[in-house]
Amino acid sequence: MAAVAREQDVTIDRIRQIKENGLRRLRIGKAKRELLEKFDIVEVGAYRNSMNKFNEHGFISTVEYIALRRAELQAEYEKHKRQVEIMLEQRKRKCL
């Protein structure tokens, strides 16, 4: 470092700072690459799981499946509600 400092006409401390900064950048670059690789793995897993769900629900998206299922449940609820209302009306008639 002393030879480089003399050659560049700066202090040894400045050379040390430049070295540390360069090493920090290299480490950050490596960390960034590792994070991106891990993100790609997670993204692939999410895609794979989504495709499995898509195939399970007859080639519709999860949102569409939820909406259709909600409509089915709403229809079942309305049907059951009508049956209960009819039963209550019949009981009222018997009581009168």
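Parameters at a glance
- Counting of residues starts from 1 at the beginning of each chain's written sequence and follows it residue by residue.
- Residues qualify for local features only when their pLDDT is at least 70, as the model is predicted, and side-chain atom pairs are given and counted only at 80 or more; totals for whole chains, interfaces and linings, by contrast, use all residues.
- For the side-chain quantities, the full set of heavy atoms in the structure was used; hydrogens and water were omitted.
- Residue-level confidence of the predictor is what pLDDT reports, using numbers from 0 through 100.
- Strands here are runs of E lasting at least two residues and helices are runs of H or I lasting at least four, both read from the DSSP assignment and numbered beginning at the N terminus.
- Note on definitions: salt bridges are taken to be side-chain nitrogens of Lys or Arg within 4 Å of carboxyl oxygens of Asp or Glu.
- When accessible area is computed with a 1.4 Å probe and restricted to protein chains, residues below 20% of their type maximum are described as buried, those above 50% as exposed, and intermediate ones as partly exposed.

*Asks:* Teacher, can you tell me more about the confidence of the model for the protein chain here?
*Replies:* Segments scoring low in pLDDT should not have their predicted coordinates read at a detailed level. Per-residue confidence for the protein chain gives a mean pLDDT of 77, with 72% of residues at or over 70. Mean pLDDT across the secondary structure elements of the protein chain bottoms out at helix 2 (residues 12–56), with 71, and peaks at helix 1 (residues 2–8), with 85.

*Asks:* Looking at this model, I keep getting lost on the pattern of salt bridges. Mind explaining?
*Replies:* Pairing between side chains of opposite charge can happen when the charged atoms of each approach one another. If you walk through the whole model with that rule in mind, you get two salt bridges. Of the charged contacts, one joins arginine 16 and aspartate 13 as a salt bridge, the two residues approaching to 2.8 Å between their closest N and O atoms. Of the two residues, arginine 16 and aspartate 13 both sit in helix 2, three residues apart, roughly one turn of that helix. With relative accessibility at 38%, the residue arginine 16 sits in the partly exposed group. Looking at aspartate 13, the relative accessible area reads 39%, which means it is partly exposed. Glutamate 72 serves as the salt-bridge partner of arginine 69, at 3.2 Å between the closest nitrogen and oxygen. In this pair, arginine 69 and glutamate 72 are both assigned in helix 3 (residues 62–95), three residues apart and thus about one turn of the helix distant. Looking at glutamate 72, the relative accessible area reads 43%, which means it is partly exposed.

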